[in-house]
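A structural walkthrough
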Amino acid sequence: MSPTPSLTRRQFLSVGLTTAGALLVGVDFAGCARNDAPPIASKGDETPFGPNAWIRIARDNSITLLVPSSEMGQGVMTALPMLLAEELDADWSKVQAEFAPAHAAYFNPLMRRQQTGSSTAVRGFWGPLREAGAAVREMLVTAAAKTWSVPLSECTTALGEVIHTPSNRRTRYGELIEAAAKQKIPENAFTKDSSKYRYLGKAIPRLDTPSKVNGGAVFGQDVRLDRMLIAAVARCPEMGGKAKKFNKEAAAKVKGVRNVVEISSGIAVIADHFWAALKGREALAIEWIEGSTAELNSAAIRSQFKSSAKSGKVANKAGNVEDGLRAASKTVEAVYEVPYLAHACMEPMNCVAHVRDSDCDIWVPTQGQTATQRAAAKVLGFKPEQVNVHTTFLGGGFGRRSETDFVVEAVELSKAVGVPVKVMWTREDDIQHDFYRPATYNELTAGISKDGSVVAWIHRIAGPSIISRLYPDGVKDGIDGTSVEIAAQLPYSIPNMHVTYAMVNTAIPVGFWRSVGASQNAFITECFLDEVAHAAQRDPFDLRRSLLKDQPRARAVLELAAEKSQWGSPVPTGIARGIAVAHSFASFVAHVAEVSITEGKVRVHRVVCAVDCGFIVNPGIVAAQMESAVAYALTAALYGEITIENGRVQQSNFNNYPLLRIDEMPNVEVHFVHSDEPPGGVGEPGVPPLAPAVCNAIFALTGKPIRSLPIRL
Amino acid sequence: MIKLTVNNQQRDLDVEPQMPLLWVLRDILGLTGTKYGCGIALCGACTVLVDGVPIRSCTTLVSAVEGKNVTTIEGLSPDNSHVVQQAWIAEDVPQCGFCQSGQILAATALLASTPNPTDEDIDKAMAPILCRCGTYQRIRRAIHRAAGAKT
Ligand code: FES
Ligand code: FES
């Protein structure tokens, strides 16, 4: 990922007034490559924001931030407003957040498109959003000083007011709008020293909580429009299959069904309500043309991976592993495997589209506004600007909602029938037509020297690539960087290393899944390291600590997790601890898991989590994300497995793709390593070290390593 | 015509008696706070109260609640003043929020029958309601908080 671009404020800020007198501030972070920042729109209050406005300060003193990122539970709708409010010296009780439309002005500088993923929202906007806040604050202060005819240096700000300190005169931001709009955009407004922060670093309650306890928050599923119809699509259960015959008449006869339409993904039944659409879909009694992937099954895929494992391309190489292994007094070898996984967002996929002759509106819970715009434009032969995207709340995303398959369906359907159409997926549709977390096959070898240190490490990975489908240019020399995340950047000082990746793509579509390659590679490398520690007769914590001598941040979280969990102290009979650490998305997380096994069932009692995510914007939200990561990763470790038979996904709903329930949730304790580094990612980094911490505890309990997931004893 | 009471309002509905209550609430009455998550009584996202008892509206036919009192999340309080909503706000429970209508209604029913629930009571009552975001720890805290506030 590229660093935050530096740019001057003149290039990225623009200011305007609405006819009703609200101050609009446009910010163009991503357009910094262009010098032609678009002019700010200044329409009336009925359209309070222009296409590229970011901030609105209204006469009633309310301050609204248009949040460019999607709110899928990770708290971005609170964290980004906090960045602005801090530097603006705003009154938090007057701060509001709305979702931004799709526009280049809202591109995340780290993603170069409007997309929420890779835990980049705060990282991408940390610099520019605070700088924008500081610049606008300065314009407000200058405006007040001029009005009062006092020196600028005698004025200060607090809680949404400019204060003239000598006379104690005060004026609210809302009263300064016209005057502020006339001020020069400052070249150099200084952001605060962190010791002066009022909001940043505090567990400020989330702005979206009130609407999420009364049913008011609108998710994609909840969008209702005039004349809107609701559709269910029958997609071939076998990958690559197509409909041969179906009973259109029978479906059309179902009460409430309005239309049966063939679209690129299958046969859609459009109705007044979803229940009628579902009944109509059943009545179709489709005969499929199948067989093109009939040979595809989990066992065949596994042997394909296995036979390719040795012919991978080099992802990382250091020293000489042959020499390292020759010098070793002991070698350890193991094969590790992980399965395909579905995302299972609590809200199944859906999208509403309203296509007209020359433009189109889309209401969608998406992580990718730019991708949505492009996908719809492609279907319709439009320019992306002809597609308006209204982002709703997301009932979970986890990477699944960076795809656009559900958008294409809604657009094709609305185009076909000329009214707004909401396409809804059932849970079965959602689990059987996902872009799965890649399954992989891994061969590992390590060499241990006489004195018990690790002198050689070989890791051969074979599995499908996500990037080769989504961004083919991103594959370099046969390496998909996401496939080797963590594995190719082990933090440990091991003199001889060899990591390879063999890309084996199959008909099973794969996609981003919370923490992507790190989700499987931390399990593989951290569990194998415990096998190495066992062979070297070393304590897993001590071995890691010595191997992290050059990695102070990773070492600090490891030590904190060990300290808070009282690593090494006695545990009740039947319980064991396991430890693991991972560096991902610019943050460091270590977990210690306390685990027991009763009647063949794994029970995780407690997880002690230590985090260094750089500067902590909102510790309450970070803690919640760690709890969330533990639940998400534990679900995968205990239960997660998508298997394929005859080209079909065998799982379909929560009975055979179970999720963790409240009675299985461990107590999660979150501890912070405080840091003045810029913020790192938060949504994903808690996931990777959880499965290995749990499995290492099981290894300690049983003496038998867990080498594949989900855990089977 | 099917007669039922939803959030204390009398409704006469011209729907098929076999229509699941979930779709009546969402697609006919526009009460979208009740969510669809699985359709076969496995996730609890569609939980509503029928005469105070939590049920899965996705597998409950509308005819089965004829004449009964249905409470959805919209009926709990118009202004977030219900003790359970207050506890949820105090603990900042929701993440994506999608499961929370079901969680809050299930917790409300639990507290009505068991004013001071133990952790085991909470496990038992809340286990049917899945949360993919893993807000369970905060749900537990919020239920204890609401119980404390009531007494
Ligand atoms: S939608 Fe009813 S239990 Fe899942
Ligand atoms: S808050 Fe997202 S599913 Fe519960």
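Assigned secondary structure in chain B consists of five helices and five strands. Ordering the α and β elements of chain B from the N terminus gives β-β-α-β-β-β-α-α-α-α. Computed over the C-alpha atoms, the radius of gyration of chain B is 15 Å, within 12% of the 15 Å expected from 2.2 N^0.38 for a compact globule of 151 residues. Projected onto its principal axes, the C-alpha coordinates of chain B cover approximately 45 × 30 × 25 Å. The buried share among the 151 residues of chain B stands at 60%.

Right, let's talk about helix H3 (residues 100–113) of chain B for a bit. All names here are of chain B. Here H3 contains 14 residues, and its C-alpha end-to-end distance of 20 Å stays within 8% of the 20 Å for a straight helix at 1.5 Å per residue. Judged by how many residues are buried, H3 sits mostly within the fold: twelve of 14 residues are covered. Turning to H3, its buried residues number three or more, namely Gln100, Ser101, Gly102, Gln103, Ile104, Leu105, Ala106, Ala107, Thr108, Ala109, Leu110 and Leu111.

It is worth spelling out the pattern of salt bridges at this point. Any two side chains of opposite charge can pair if their charged atoms end up close together. All names here are of chain A. Applying the stated criterion across every chain, the model contains 47 salt bridges over all chains. Across the pair Asp208 and Lys212 runs a salt bridge whose closest N-O atoms are separated by 2.9 Å. Grouping residues by exposure puts Asp208 and Lys212 together as buried. In this structure, Lys310 engages Glu443 in a salt bridge whose closest nitrogen and oxygen atoms are separated by 2.8 Å. Of the two residues, Lys310 sits in the loop between helix H7 (298–308) and strand E14 (313–318) while Glu443 sits in strand E20 (residues 440–448), which places them 133 residues apart along the sequence. Taken together, the shared-partner salt bridges in this structure form one network comprising Glu71, Arg206, Asp208 and Lys212.

One frequent convention defines the size of an interface as the accessible area lost when the parts assemble. With 49 residues of chain B in contact, the opposing surface of chain A contributes 60 residues. Counting the surface lost from both chain B and chain A, the interface buries some 4600 Å², and carbon and sulfur atoms represent 57% of this. Among the residues of chain B in contact with chain A, Gln95, Arg132 and Gln137 of chain B are the three that bury the most area, contributing 19% of the side total. Connecting chain B to chain A are four salt bridges. Arg138 of chain B serves as the salt-bridge partner of Glu627 of chain A, at 3.1 Å between the closest nitrogen and oxygen. Inspection of the chain B/chain A interface yields 31 residue pairs in polar contact (both at pLDDT 80 or more). Elements that contribute at least two residues to the side of chain B that touches chain A include exactly helix H1 (21–28), helix H2 (83–90), H3, helix H4 (119–126) and helix H5 (136–150) of chain B. Its residues assigned to classes, the side of chain B that touches chain A comprises 26 nonpolar, 13 polar and ten charged.

Caution applies to low-pLDDT regions: their predicted coordinates should not be interpreted in detail. Across chain B, pLDDT averages 97, with 99% of residues at or above 70. Both confidence scores are given for the complex: pTM 0.96, ipTM 0.98.

So, on to the environment of Lys549 of chain A. Residues and elements named next belong to chain A. Its place among the elements puts Lys549 in the loop between helix H14 (540–547) and helix H15 (552–564). Between the C-alpha atoms of Lys549 and Met503, which are 46 residues apart in sequence, the distance is 33 Å. Apart from residues no more than four positions distant in its own chain, Lys549 is found in contact with Ser493 and Arg555.

Another point: empty space enclosed by the protein. Residue and element names in this part refer to chain A. The final tally for this structure, using the stated rule, is six cavities of 30 Å³ or more. In this model, the largest cavity occupies a volume close to 100 Å³. Looking at the largest cavity, the residues that line it are Pro339, Leu341, Arg437, Trp513, Ser519, Ala633, Ala636, Ala637, Gly640, Val687, Ala691 and Leu709. Among the elements that make up the lining of the largest cavity, the one with the highest residue count is helix H16 (residues 619–638) (three residues). Its residues assigned to classes, the lining of the largest cavity comprises nine nonpolar, two polar and one charged. Estimated volume of the second largest cavity: approximately 60 Å³. The wall of the second largest cavity is formed by Arg437, Pro438, Thr440, Pro464, Ile466, Thr482, Ser483, Tyr501, Val516, Gly517 and Gln520. Looking at the lining of the second largest cavity, the element that brings in the most residues is helix H13 (residues 516–535), giving three residues. Looking at side-chain class alone, the lining of the second largest cavity contains five nonpolar, five polar and one charged residues.

Calculation criteria
- Residues numbered from 1 in each chain as written.
- Chains lettered and ligands numbered in written order.
- Predicted model: local features only at pLDDT ≥ 70, side-chain atom pairs only at ≥ 80, totals over all residues.
- Heavy atoms only, no water.
- Helix = DSSP H or I, 4+ residues; strand = E, 2+ residues; numbered from the N terminus.
- Rg over C-alpha atoms; globule rule 2.2 N^0.38 Å.
- Buried < 20%, exposed > 50% of the residue type's maximum accessible area, 1.4 Å probe, protein only.
- Expected span 1.5 Å × (residues − 1).
- Salt bridge = Lys/Arg side-chain N within 4 Å of Asp/Glu carboxyl O.
- Contact = heavy atoms within 4.5 Å.
- Buried area = accessible area lost by both parts, 1.4 Å probe.
- Polar contact = N/O pair within 3.5 Å; in protein donor to acceptor, adjacent residues only side chain to side chain.
- Nonpolar A, V, L, I, M, F, W, Y, C, P; charged D, E, K, R; others polar.
- pLDDT = per-residue confidence, 0-100.
- 1 Å grid on protein atoms, 1.4 Å probe; cavity = no way out; pocket = protein on both sides within 12 Å on 5 of 7 lines; lining within 4 Å.
- Points joined across faces, edges and corners; volume = space filled by probe spheres on them.

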